[in-house]
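# Results of the structural survey
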Amino acid sequence: MEQVVRADIAAFGSGRAEMANAMIEESGVRVGEERRRGRAAGVNPTGRFEPLSRHVFDDGWSGLEDLPPFKTEVQVEKPRTIITRNNSPDISFDRSINPYRGCEHGCVYCFARPTHSFMGLSPGLDFESKLFAKPDAAKLLDRELSKDGYQPRTIAIGTNTDPYQPIERKYRIMREILEVLEAREHPVGIVTKSALVLRDIDILARMAEKGLAKVALSITTLDRILARTMEPRASTPPKRLEALRALDEAGIPASVMMAPIVPGLNDHEIERVLDSAAHAGAREAGYVLLRLPLEVSPIFKDWLLRHYPDRYRHVMSLIRSMRDGKDYDSEWGKRMKGAGPYAWQIGRRFEIAAKRLGLNKERTRLRTDLFKGNEGRTEQLMLL
């Protein structure tokens, strides 16, 4: 988005954030507040693969106020497979499941936003409001786990979009996936920002008793105002802490993920977040530095200018100091933690706080020796 790029330059010049905000407003790329109420993104840029770009402007016919507000729309997606594989050297899992595409939580920093471009949609407001559900996920999973030669390893869920986002209440895809995994005695690791995970505590407790399940709650901040603007439809921070406590009491290995750490915005909360999570029952802790790939960068910058204009230059300067002068560095080993003195300081603070609180003394290793392969095949699939 050229308008945001120019505004970023202005923010670091004599005009500062006030001029940068004015430039974006005058360009017409921002969506009206009433249309995007309750959403984090303030822009809806055309996907990068589209041959044409769309721009809103007033042609004098007074029609802008007639545009409808963004409402959550869900389409059914019919994938041929459900397990996604990866060989990335800087993450701990090699397979994952995404029950949904797009996420109604609307976290402004979500690194998964650019994937909406593959659907011909915007990584901005479309990502939060035009969602895709995969109701056949459980059937596909059962079929894939039945294949000869399948080797079980922990399946990660929630590493892209949240499996417990609000529409899960209706579609219940995640619960059906867990039912298949429990029947197969297959290990699963879940990351979520939603207290809705407690709905499935019965299945997760039974799986955890056999060493087959663990859950991480992502807690970015304990500041309710910041959380409301940055991740508007996720569970509140107190609700996530309550979920941690309930999971621990049910015997489910629970951990906290401070993801992302935004320098100059929430990094001062590292010790407080870890302390609160440890007292709620978290056994492990991890963090990820803010990532701004592709369209996430202008979406985040616009958000920062709208909500925290006085911190804009400080936050972006710190980010670039950890990304070799860029908004983002995708190099393996650097993309999660950054590089440089400030990134080193964040890492050491996190490690010291975790050690003081007794976190990460032991890492939960899930079992794979209980897996039921072909012998666990359902009668329906046996007929195929």
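Nothing here was measured: the structure is a model prediction, and the numbers come from that model.

## Re the confidence of the model for the protein
Here the protein averages 93 in pLDDT, while 94% of its residues score no lower than 70. Confidence drops under pLDDT 50 across residues 378-384; counting only partners more than four residues distant or on other chains, this segment forms six contacts.

## Regarding the pattern of salt bridges
One side chain can pair with another of opposite charge once the charged atoms of both are near each other. Counted according to the given criterion, the structure contains 35 salt bridges. The shortest N-O distance in the salt bridge between R95 and D94 comes to 2.8 Å. A residue is classified by how much of its surface remains accessible, and R95, at 4% relative accessible area, is buried. In this structure, K301 engages D327 in a salt bridge whose closest nitrogen and oxygen atoms are separated by 2.7 Å. Here K301, found in helix α11 (residues 296-307), pairs with D327, found in the loop between α12 (312-321) and α13 (341-356); they are 26 residues apart in sequence, far enough to count as distant. Just as K301 is buried, D327 falls in that class too.

## Details of the pairing of strand β10 (residues 284-289)
Here β10 lies mainly inside the structure; six of its six residues are buried. Burial along β10 is two-sided: the residues E284, G286 and V288 and A285, Y287 and L289 are all buried. For the crossover that starts at strand β9 (residues 254-261), traverses helix α10 (residues 270-280) and ends in the parallel β10, the hand is right-handed.

## Looking at helix α9 (residues 237-249)
The end-to-end C-alpha distance of α9 is 19 Å, a good match for the 18 Å that 13 residues give at a rise of 1.5 Å each. Taken together, the buried positions of α9 are occupied by P237, R240, L241, A243, L244 and L247. For α9, the angular spread of the buried residues around the axis is 155 degrees, confining them to a single face. On the buried face of α9, the contacting elements are α7 (201-209), β8 (213-218), α8 (224-230), β9 and α10. G251 sits one or two residues past α9 and shows a positive phi near 85 degrees.

## Quick look at a nonpolar patch on the surface
A cluster of nonpolar residues, F49, F118 and M119, forms a patch on the protein surface that exposes about 320 Å² of accessible area. Along the chain, F118 turns up in the loop between β4 (100-101) and α3 (125-129). The exposure class assigned to F118 is exposed, which follows from its relative accessible area of 56%.

## Section: the packing of aromatic side chains
Applying the stated criterion to the full structure yields six aromatic pairs. Taking the centre distance of 5.1 Å and the plane angle of 35 degrees together, the rings of F49 and F118 count as tilted. Note that F49 is positioned in the loop between α2 (16-27) and β1 (73-76) and F118 in the loop between β4 and α3, a separation of 69 residues in sequence. When the centroid spacing of 5.5 Å and the interplanar angle of 55 degrees are considered together, the rings of Y150 and F371 count as tilted. Taken as a pair, Y150 in the loop between α4 (137-145) and β6 (155-157) and F371 in the loop between α13 and α14 (379-382) lie far apart in primary sequence, 221 residues in all. The class for F371 is buried, based on a relative accessible area of 15%. The structure contains a cluster of three or more aromatic residues connected by ring pairs, namely F300, W303 and Y308. Between the NZ or CZ atom of R48 and the centre of the ring of F118, over which it lies, the distance is 5.4 Å. Over the face of the ring belonging to F111 we find R291, whose NZ or CZ atom lies 4.5 Å from the ring centre.

The rules behind each value
- Residues numbered from 1 in each chain as written.
- Predicted model: local features only at pLDDT ≥ 70, side-chain atom pairs only at ≥ 80, totals over all residues.
- Heavy atoms only, no water.
- pLDDT = per-residue confidence, 0-100.
- Contact = heavy atoms within 4.5 Å.
- Salt bridge = Lys/Arg side-chain N within 4 Å of Asp/Glu carboxyl O.
- Buried < 20%, exposed > 50% of the residue type's maximum accessible area, 1.4 Å probe, protein only.
- Helix = DSSP H or I, 4+ residues; strand = E, 2+ residues; numbered from the N terminus.
- Right-handed = clockwise from strand over helix to strand, strands pointing away.
- Expected span 1.5 Å × (residues − 1).
- Arc of directions from axis to C-beta.
- Patch = residues over 30% accessible without salt bridge, like charges linked within 9 Å, V, L, I, M, F, W, Y side chains within 5 Å.
- Areas by Shrake-Rupley, 256 points an atom, 1.4 Å probe, with all protein chains shown as cover.
- Phe/Tyr/Trp six-rings, centres within 6.5 Å; stacked < 30°, edge-to-face > 60°.
- Lys NZ or Arg CZ within 6 Å of the ring centre and 35° of its normal.

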